[in-house]
Amino acid sequence: MIFRSVFRRFETWIDPFARKGDLKPPDTALKFLWFYVSQAKLPFLLMLIIGGLVALLEAALFYFVGRLVDVLDTADKAAGWHGLLAGHALELAAMLFVVSIGRFLVTAAAALVEEQTIVPGFYNLVRWQAYAHVARQSLSFFQNDFAGRIVTKVWQAGQATGDFMTSLLQVAWFILIYAVTTIALIAQLDWRLAGIVVVWIACFAVLARLFVPRIRRYAKATAEASSMLNGRLVDSYSNAQTLKLYGRAEDNDAYIRQGFARFLGAILPFTRSLTGVRASLAFLSGIMMSAIGVFSIDLWLSGAITTGAVAFTMALVLRLNMLFGRMMAQLNGLMRNFGTIQNSMDLISRPIGLVDPPDAHQLAVQGAGIRFEAIAFHYGRESGVIDDLSLTIAPGERVGIVGRSGAGKSTLVNLLLRFYDLEGGRILIDGQDIAEVTQESLRASVGMVTQDSALLHRSIRDNIRFGRPGADDEALAAAARRAEAWSFIETVEDQNGRLGLDAHVGERGVKLSGGQRQRIAIARVMLKDAPILVLDEATSALDSEVEAVIQENLGTLMEGKTVIAIAHRLSTIAELDRLIVMDEGRIVETGTHDELVATGGLYADLWRRQSGGFIAGDIAAE
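Residues numbered from 1 in each chain as written. Predicted model: local features only at pLDDT ≥ 70, side-chain atom pairs only at ≥ 80, totals over all residues. Heavy atoms only, no water.

For the chain, an unreviewed UniProt entry supplies the name ABC transporter ATP-binding protein and the organism Pararhizobium mangrovi. Database annotation for the chain, UniProt heading Subcellular location (unreviewed entry): "Cell membrane". Heading Sequence similarities (unreviewed entry) of the UniProt record for the chain holds this comment: "Belongs to the ABC transporter superfamily." (UniProt positions renumbered as here; feature names shortened; annotations may be inferred.)

Pasting the structure below:
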């Protein structure tokens, strides 16, 4: 119980989830490090102190060996233990206590701080805060990068930051304390011996000064190439079905191999530098150890130092050489971690691309009237997509939007949801500018079903309950029945034997058919019951029989809501109150189905092209 209590105290010292508010770290490496380290100052300070004590104890062990040699050299063997203790009992007891008890306590304390506090607490503090900040980036942020690459950088940020600080305090700090202690102890014997050690350390510093900047630069390039390659691998595995469907294994192998080639091109200069610095250090250490050894023997021959002092000096120097070698080996990890930190920082420290204004308020929806006022959006280009579009949708009105592929239909919906900021004009809901309300409250007021409704790799219950987290299973089942999903949900079993609502659906819902995924997505929106309903090809993945049944339920769902529906099967939206026809980002026609067919314009042309409920490829959904 005592040990468990001690473990728990150290394990809960750092709360990874404590910090709230702005989680954006600075965009320079040292400030990036301090942003996180400053949240765990006391544990790192204790690690610094304990690391110094460990180094002192290491040096003390070699001092003890030298003293023990001298004590035994002068002791009377015939007097046995009694004679030995009579002259040196206190000194020998102090040595015994330091070696058996003191070293144990310091080592145990070091292990507790590192393994029970830093590893679980600090590492995950960095990961959690990096995740939380990145997760709030705009939709375009994720669309412009590999998901695997983003995940790699977020995860490695915690690992690299923690490893860097641990290595810095455990290795670099340890060696610094040990080197200073070595100089002080050897200086007591002869200042010239200490001078050789000082020259040795100075030459080591010069080597580090020459190699470290180059290694750091190569380490950053290696980390970037590594995250790129990881992104390609994840992209290939997550699209395994497409690759197999088109039989493009060799082409994909070439694409992945190109990524490996880029990675090798980045890592080889890095490893060459490491080889160079290690070889240079070995040469320097050989020269310095030889010089200290020759000079120590010369001092012993002249009677200036004892045999124990020679043993003590050489033991300290050999240990110092081993530590320098360890540091250069650790330099690989230090610089690799620092490069990874810089690489992760470039992504994690980016400002949120789409933020709520400081005085943003909650959207208050009453009638759910929508007004687009002279909106413009070009995806950052000079023109194109949508320009000077105005549209008013009355509260409770059901509007269908149709047009050729690329007309701007889905973009219009994305702007309504504020996945992107307008480049001109404004969008109002019940007279409230959506740019002035919180994104959470805006999207909470809109229920949306898209053509490709990807699910989370969680249980069916969790996926449907995203619509309304507090809903009970009874309400959830009712929504599933209205979406014609309950009959198949009852029969689903995953690879771990979980059944029905507890069954997991696989990454993006791959273990279900397209129609099953769509029905779960529709059930989720039905459970959400938001005042604004957006249907973007909501029933396109369903067979005709199931679609007909769901259409009836969607009709019930639409009651009392403002509805925007996009469909390429015009028969599915022909009965809506009004149809909006878009072409090249503009509204070119508006009216009911009968009115538009009678007009003989673009809608009438699209209607005539339909055969069996679908439109030719040039008007496929966006």
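Read on, since the account is not over.
Chemist: How should the overall build of the chain be read in this particular structure?
Modeler: From N to C terminus, the chain includes 19 helices and ten strands. Relative to the 2.2 N^0.38 estimate, which gives 25 Å for 622 residues, the radius of gyration of the chain is 35 Å and therefore markedly larger than a compact globule would have. Once the C-alpha set of the chain is aligned to its principal axes, its extents read approximately 120 × 55 × 50 Å. Looking at the chain residue by residue over its 622 residues, the buried ones come to 47%. When the accessible surface of the chain is split by element, carbon and sulfur atoms take 58% of a total near 30800 Å². Here the chain carries 59 positive and 63 negative side-chain charges, and the mean point of each set is 8 Å from the other. (Helix = DSSP H or I, 4+ residues; strand = E, 2+ residues; numbered from the N terminus. Rg over C-alpha atoms; globule rule 2.2 N^0.38 Å. Buried < 20%, exposed > 50% of the residue type's maximum accessible area, 1.4 Å probe, protein only. Areas by Shrake-Rupley, 256 points an atom, 1.4 Å probe, with all protein chains shown as cover. Lys, Arg positive; Asp, Glu negative; His and termini not counted. Charge placed at Lys NZ, Arg CZ, Asp CG, Glu CD.)

Chemist: Can you help me understand the packing of helix H2 (residues 29–37) against helix H4 (residues 80–135) in this one?
Modeler: Two quantities define a packed helix pair, namely the angle between the helix axes and the distance between the axes. Taken N-terminus to C-terminus, the directions of H2 and H4 make an angle of 110°; their axes are 10 Å apart at the nearest point. Relative to H4, H2 is oriented roughly perpendicular. For the element pair H2 and H4, the recorded crossing hand is right-handed. Along its contact with H2, which presents Phe35, Tyr36 and Val37, the element H4 presents Phe122, Leu125, Val126, Gln129 and Ala130. Grouping the amino acids of the contact of H2 with H4 by side-chain chemistry returns seven nonpolar, one polar and no charged. (Axes fitted to C-alpha atoms, helices over the stretch in contact; angles between N-to-C directions. Parallel < 35°, antiparallel > 145°, perpendicular 65-115°, else oblique. Left-handed = near helix turned anticlockwise from the far one by under 90°. Contact = heavy atoms within 4.5 Å. Nonpolar A, V, L, I, M, F, W, Y, C, P; charged D, E, K, R; others polar.)

Chemist: What am I meant to see in the UniProt feature "transmembrane region" (unreviewed entry) in the chain here?
Modeler: UniProt tags residues 44–65, 85–106, 168–187, 193–212 and 303–324 as "transmembrane region" (unreviewed entry). As annotated, residues 85–106 has a helix share of 100% and a strand share of 0%, and its two end C-alpha atoms lie 27 Å apart.

Chemist: Looking at this structure, I do not really get the nonpolar core. What am I missing?
Modeler: Where a protein is soluble and globular, its nonpolar side chains tend to be buried together. One finds Tyr36, Phe44, Ile118, Phe122, Trp200 and Ile348 to be the most contacted residues of the largest nonpolar core, which totals 83 residues. Those elements giving two or more residues to this core turn out to be H2, helix H3 (41–74), H4, helix H6 (147–187), helix H7 (191–238), helix H9 (249–301) and helix H10 (307–348). By residue number, the principal contributor to this core is H10, which donates 15 residues. Beyond its immediate chain neighbours, meaning those up to four positions away, Phe122 contacts Ile14, Tyr36, Val37, Ala40, Phe44, Thr117, Thr161 and Gly162. In terms of nonpolar packing, the next biggest core, distinct from the first, is built from 43 residues, Val402, Leu512, Ala521 and Tyr603 among them. (Core = buried A, V, L, I, M, F, W, Y, C linked by side-chain atoms within 4.5 Å.)

Chemist: Which parts of the structure should I look at to understand helix H19 (residues 602–609)?
Modeler: Helical periodicity: at 3.6 residues per turn, an α-helix aligns residues three or four positions apart in one direction. Those residues of H19 lying buried are Leu602, Tyr603, Ala604 and Leu606. Packing partners of the buried residues in H19 comprise strand S3 (398–403), strand S9 (578–583), strand S10 (586–591) and helix H18 (593–599).

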